[in-house]
Amino acid sequence: TLDTRIFLRHLAADIVNTTMRTYVEQNFKTKLDSTLQATDWMAKQIADLQFKVEASQQALVKYQRENQILGTDEKQNITTSKLDQLNHELTAAQADRIQKEAKYQNTLAGNLAAIPELSQNTLIGNLQEQAATAERDYAEANVRFGPSYPKVIELSQKLEQARAAVRREIEAVSQRIKSEYETALACERLLTRAFDTQKVEANNLNEKAIQYDILKREAELNRNLYENLLQKSKEA
């Protein structure tokens with residue numbers, strides 16, 4: 001009948017509507033459950049990340065405090081500049097020591113002509129001329145009067161005094177050359193130790209800077225992950 005058909009149509013429509021509502025509700029519930037599970041998981045991850053952020057930040061601050069790191073770039077620049085300066089000073093000191101050592105070795109070998117301080121020394125030159133004159137006078141008198149003659153004996157003493165004066169002056173200059181060499185050698189050794197110490201400090205600073213950068217990047221990474229995950233949790 002007509003009433004039956006109308007009833008059946010309404011019934012069919014109710015069934016379809018009920019089915020759709022059930023599907024929508026079920027779908028919403030499934031998504032809600034999934035979202036809740038995701039937010040629960042994110043909440044746990046956020047708690048873990050928050051702990052990591054705090055731990056990594058504390059580790060960074062502790063390392064910075066223990067190693068007295070204020071500005072790694074600035075401190076590295078200062079340390080490197082000092083190292084370069086010491087390197088230049090050490091190179092100059094080595095060259096100076098080599099030059100003065102060569103002079104000193106020539107004095108030991110008696111190679112006086114190779115030492116300007118001796119070969120071009122006016123006082124030594126004058127004393128050598130006086131010694132040469134005394135030697136000539138002695139030789140002439142000795143030939144004429146013989147070694148026992150009083151004048152010859154006097155000239156012999158004068159010659160020995162002239163030669164002794166030359167030796168004393170040469171010895172005095174040689175001692176100055178030796179002293180200058182020893183001073184240059186001591187200066188080179190001091191600069192070598194200072195350079196080696198500064199080199200160790202530079203290497204230590206580089207190692208500290210590397211470790212500091214690692215800790216800093218780890219802290220930044222944990223903080224970024226924490227902030228991203230916290231934002232997604234809020235969106236969820």
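Residues numbered from 1 in each chain as written. Predicted model: local features only at pLDDT ≥ 70, side-chain atom pairs only at ≥ 80, totals over all residues. Heavy atoms only, no water.

What about the overall build of the protein?
Along the protein, the regular secondary structure elements total five helices and zero strands. Listed by position from the N terminus, the elements making up the protein come as α-α-α-α-α. A sequence separation of at least 24 residues applies to 80% of the contacts in the protein between residues at least 6 apart. Carbon together with sulfur atoms contributes 54% to the accessible area of the protein, which is approximately 17,000 Å² in total. (Helix = DSSP H or I, 4+ residues; strand = E, 2+ residues; numbered from the N terminus. Contact = heavy atoms within 4.5 Å. Areas by Shrake-Rupley, 256 points an atom, 1.4 Å probe, with all protein chains shown as cover.)

Brief notes about the packing of aromatic side chains
Under the defined criterion, the tally for this structure stands at two aromatic pairs. Plain terms: the ring middles of Tyr-104 and Tyr-181 are 5.2 Å apart, the flat faces sit at 10° to each other, and that makes the pair stacked. On the criterion of sequence distance, the pair formed by Tyr-104 in helix H2 (residues 72–109) and Tyr-181 in helix H5 (residues 150–235) is long-range, its members being 77 residues apart. Judged by relative accessible area, Tyr-181 falls into the buried class, the value being 12%. Plain terms: the ring middles of Phe-145 and Tyr-149 are 4.4 Å apart, the flat faces sit at 15° to each other, and that makes the pair stacked. Residue classification places Phe-145 among the partly exposed positions, given a relative accessible area of 41%. (Phe/Tyr/Trp six-rings, centres within 6.5 Å; stacked < 30°, edge-to-face > 60°. Buried < 20%, exposed > 50% of the residue type's maximum accessible area, 1.4 Å probe, protein only.)

Considerations on the nonpolar core
Leu-118, Ile-124, Val-166, Ile-170, Val-173 and Ile-177 are the most contacted members of the largest nonpolar core, which has 14 residues in total. At the level of secondary structure, the elements contributing two or more residues to this core comprise helix H4 (122–145) and H5. Examining the composition of this core, we find that eight residues originate from one element, H5, more than from any other. The residues contacting Val-173, other than those within four sequence positions of it, are Glu-117, Leu-118, Asn-121 and Ile-124. Ranked by size, the runner-up nonpolar core spans seven residues in total, among them Leu-86, Leu-90, Ala-93 and Phe-195. (Core = buried A, V, L, I, M, F, W, Y, C linked by side-chain atoms within 4.5 Å.)

Regarding the side chain of Ser-174
Counting through the fold element by element, Ser-174 comes out in helix H5. Judged by its relative accessible area of 13%, Ser-174 falls in the buried class. Setting aside its immediate chain neighbours within four residues, Ser-174 contacts Thr-107 and Leu-118.

Structural notes on the confidence of the model for the protein
Within the protein, residue pLDDT values average 78, and 72% of them lie at 70 or more. Within the protein, no element has a lower average pLDDT than helix H1 (residues 2–66), which sits at 66, and none a higher one than H4, at 86. (pLDDT = per-residue confidence, 0-100.)

Here we look at the side chain of Glu-169
Within the element layout of this structure, Glu-169 appears in helix H5. At 4.3 Å, Arg-176 is the nearest oppositely charged side chain to Glu-169, a buried residue that forms no salt bridge. Leaving out residues up to four positions away in the same chain, Glu-169 has contacts with Asn-121, Leu-123, Ile-124, Leu-127 and Arg-176. (Lys, Arg positive; Asp, Glu negative; His and termini not counted. Salt bridge = Lys/Arg side-chain N within 4 Å of Asp/Glu carboxyl O.)

Here we look at the environment of Ala-95
Within the fold, Ala-95 resides in helix H2. In this structure Ala-95 comes out as partly exposed when scored by relative accessible area, which is 46%. Sequence spacing of Ala-95 and Glu-188 is 93 residues, and the spatial spacing of their C-alpha atoms is 9.4 Å.

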